[in-house]
Every structure is written in C-alpha cells, then in structure tokens.
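One-letter residues, chain by chain:
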Amino acid sequence: MKIKIYILTYKNNYVLNEWNLKTLFNSDITNYDYEVNIINNHSDIHINNEYINNVNIINNVLRPDQSCGHISKDWNAAIVNGFKDLNHPDCDILICVQNDEKFKQDWVSNIIKYHETYNFITFGSGDGFMSFKPDAIKNIGLFDERFICGKQEHDYFMRAKLYNKEKSSINDKTHNYILNSINNNVMETTLDGNDHGREDAAKLVKKTYENYQISSRHMFTLKWGIDNSTFSSMTLTGPKVFSVMLYPYFEKHVRTLKEQLYILK
C-alpha cells in the first residue's frame, strides 16, 4: 500500500507547518509507505527543520507571486505526477489537500477502510481534502483547467455525481455538496477566520481569490447551464460545452470522455 500526498500552498507558512505538516507527521502515516509533496505557488516558502527531510518541495517557479496559483492545474499536476499511468499506477491512493487542513490521528487507516467502498472521497470545505484511487480518475477524469481558483471543485463534484455516483463520497457541508455522506474520522474541522495567524498570512490570497471567482463562476454557468449554487437537488444532464484533452498520454484511459463532450477527432 503506497500513498502519495500533495499539499497545495501559497504564502501561508504558519498553517502549512503548524496545522498541516504537524498533524500529518503526528498521525499514523508513518506506519505506511508514503510520499509527501508540497506544491508551492509563492517564492516565500518555509518548512520547519523537523519536516524538511520528509517532504519534496515542488516550486512553480514560472508562476509569478501575484498569480495566487491555478488550483485546477495544480490538482491535475498532482494526479498525473502521482499516478503516472492509470492502467499501471505508481501508487494505490493519492491525496490532494490544501495547506489549512489538519489530519486526525488515525486518518490513514480510516481512509483505507473507506476506500474499500469508495474510490473518491472528500472532506472539509470544497477541495480541502480529496482522496483518489485510480479508478475514480478513469470515471471522472481530470480537473477542468478553465476554472482557475474557484468552482473547480464544484465542477469536479458534478462530474463525480454524473459518472462515478456509487463510488464517490463527497462531504462538503460548507457548500452543501453532499453525496453518499460518511463520518469524518479523517480530517479536523478548520474554518476561515478562526485563527489570527492564518488570517494575517492569507489576506493577499483571499483578495486575489475573489477576483478569480468572477470568471470561474461565469465559466460554471456556461458549462452547466445552471446556477452556481445547485448540487444536491439537481437533475444532471451533462455539460453544455466541449472540452479538450490537455494530457492525452494520461487522459486516454478515462472512460467517459465522450459523455463529457471531449473533442476526440
């Protein structure tokens, strides 16, 4: 059982070290074959000495500091880099997690048990914590990179509901994105604004993020033809716009490309 973890961070060293990495390395992850990767989107990055030798830092050096990152693209990089080949995956479980999440003590043993039933599992707000097995990607596909820093998780959850419904457990109570809900014995509850150190470090992120949300919300309405807030009570009929493969060497194994209106010829 090999587990790869990809932590997404942007100029928030306090929560990265004191929330995420601290709880991660104090958990049962050390009982397993694991790899921890940090996708860093800002030149200001600091990893505490006690963690530095146990993580791989992936610096997006071509991305300017003011960009705030491109979350859907970062998740795709994690998935493609982590699994490498969907038919011959390089790991059994792949975790994508935001830096402001905290792990519970026995989260790994619990997520492994959940994966006996589900191949795609989320906890926290939006895409705060997502756990994949390769077959989930084969059904749902990769993230739509037309969503920059907003609505990328809503779009992905929509497709999970359409193409991987019985095998997805989505547990985002913040936005009321719920599907096959299960008990959260994996991640601690963290909320925006409940920690002064986090809030100070994240002011620029929040300001920039709001600007990205505008175009992403327009893209969501264009793609799905429905209101941004809809999820739990909706009847899904599929996307309204075409998509293209950006990683054909990887995406060629996705089963639902035709249903998702990918241009294949």
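You'll find the structure just up there.
Small disclaimer: the values here were computed from a predicted structure and weren't measured.

Visitor: I keep staring at the pairing of strand β2 (residues 33-40) and nothing clicks. Help me out?
Guide: Strand residues, when the strand is regular, have side chains that alternate between the two faces of the sheet. Bridge analysis of strand β1 (residues 2-9) against β2 gives 8 bridges, and the strand direction is parallel. Opposite Thr9, over in β2, you have Asn40 as the bridge partner. Handedness of the β-α-β unit built from β1, helix α1 (residues 13-25) and β2 comes out right-handed. Bridge analysis of β2 against strand β3 (residues 56-59) gives 4 bridges, and the strand direction is parallel.

Visitor: Got a minute to help me understand the pattern of salt bridges in this structure?
Guide: Counting across every chain of the model gives 7 salt bridges. The shortest N-O distance in the salt bridge between Asp135 and Arg255 comes to 2.7 Å. Here Asp135, found in helix α5 (residues 134-140), pairs with Arg255, found in the segment after α9 (248-251); they are 120 residues apart in sequence, far enough to count as distant. The network of salt bridges with common partners includes Asp144, Arg146, Asp155, Arg159 and Lys223.

Visitor: Explain the sheet that holds strand β8 (residues 177-179) to me, please; I cannot follow it from the model alone.
Guide: Strand pairing in a sheet is mediated by backbone hydrogen bonds. Such pairs are either parallel or antiparallel. Ordered by their spatial adjacency, 8 strands build an open sheet running β3-β2-β1-β4-β6-β5-β7-β8, and the pairing between neighbours is mixed. Single-partner strands in this sheet number two, and they are β3 and β8. Taking each pair of neighbouring strands and ignoring which way they run, the sheet shows an average axis angle of 20 degrees. Pairing geometry for strand β7 (residues 168-172) and β8, over 3 bridges, is antiparallel. Paired with Asn171 across the bridge in β8 is Ile178.

Visitor: Please explain the nonpolar core as it appears in this structure.
Guide: Nonpolar side chains in soluble globular proteins tend to be buried together. Membership of the largest hydrophobic core comes to 41 residues, with the highest contact counts inside it found for Ile79, Phe83, Phe120, Phe132, Ile137 and Phe250. At 6 residues, the largest contribution of residues to this core is made by helix α3 (residues 71-83). Not counting chain neighbours up to four residues away, the residues in contact with Phe83 comprise His88, Pro89, Asp90, Cys91, Asp92, Leu94, Phe132, Lys133, Pro134, Ile137 and Phe250. Counting residues in hydrophobic clusters, the runner-up holds 29 residues, among them Ile7, Ile47, Ile112 and Tyr118.

Visitor: Sorry, what's going on with helix α6 (residues 152-163) here?
Guide: For the α-helix, the turn length of 3.6 residues means that residues three or four positions removed from each other point alike. Its 12 residues give α6 an end-to-end C-alpha distance of 16 Å, which sits within 8% of 16 Å, the value for a rise of 1.5 Å per residue. The element α6 is largely enclosed, with a buried count of 11 among its 12 residues. Residues of α6 that are buried include every one of Gln152, Glu153, His154, Asp155, Tyr156, Phe157, Met158, Arg159, Ala160, Lys161 and Tyr163, and no others.

Visitor: Would you mind showing me how to read the packing of aromatic side chains here?
Guide: The geometry of an aromatic ring pair comes down to the distance between the two centres and the angle between the two planes. According to the stated counting rule, one finds 14 aromatic pairs in the structure shown. Measuring from ring centre to ring centre gives 5.6 Å for Phe25 and Tyr51, while their planes differ by 15 degrees; the resulting arrangement is stacked. Taken together, the residues Phe25 in helix α1 and Tyr51 in helix α2 (residues 49-52) connect sequence positions 26 residues apart. Both residues of the pair, Phe25 and Tyr51, count as buried. For the pair Phe120 and Phe157, a centre-to-centre distance of 6.2 Å together with 50 degrees between the ring planes defines the contact as tilted. Taken together, the residues span a long stretch of sequence, with Phe120 in strand β5 (residues 120-123) and Phe157 in helix α6 at a distance of 37 residues. Classification of Phe157 by relative accessible area gives buried; the value is 0%. Joined through ring pairs, the aromatic side chains of Phe120, Phe132, Phe143, Tyr156, Phe157 and Tyr177 make up one cluster.

Rules behind the numbers
- Residue positions are counted from 1 within each chain, in the order its sequence is given.
- Reporting of local features is limited, given that this is a predicted model, to residues whose pLDDT is at least 70; pairs of side-chain atoms are given and counted only at 80 or more, and all residues count toward the totals for whole chains, interfaces and linings.
- Water and hydrogen atoms were dropped before computing side-chain values, which therefore reflect all heavy atoms in the structure.
- DSSP-based pairing: two strands are paired if at least 2 bridges between them are found.
- What counts as a helix is a DSSP run of H or I of at least four residues, what counts as a strand is a run of E of at least two, and both are numbered from the N terminus.
- By convention a crossover is right-handed if, when the strands point away from the viewer, the path from the first strand over the helix to the second runs clockwise.
- Salt bridges are defined as contacts in which a side-chain nitrogen from Lys or Arg sits within 4 Å of a carboxyl oxygen from Asp or Glu.
- A fitted line through C-alpha atoms serves as each axis, taken over the contacting stretch for helices, and the angle formed by two N-to-C directions is quoted from 0 to 180°.
- Among buried residues, the Ala, Val, Leu, Ile, Met, Phe, Trp, Tyr and Cys ones that are joined through side-chain atoms within 4.5 Å form a nonpolar core.
- Buried means the residue's accessible area, taken with a 1.4 Å probe over protein chains only, is under 20% of the maximum for its type, while exposed means over 50%, and partly exposed covers the values in between.
- Note on contacts: a residue pair qualifies if any of its non-hydrogen atoms lie within 4.5 Å across the two residues.
- Under the convention used throughout, the expected extent of a helix is 1.5 Å for every residue step, that is, one less than its residue count.
- Any two rings among Phe, Tyr and Trp, with Trp reduced to its six-membered ring, count as a pair given centres within 6.5 Å; such a pair is stacked if its planes are under 30 degrees apart, edge-to-face if over 60, and tilted if neither.

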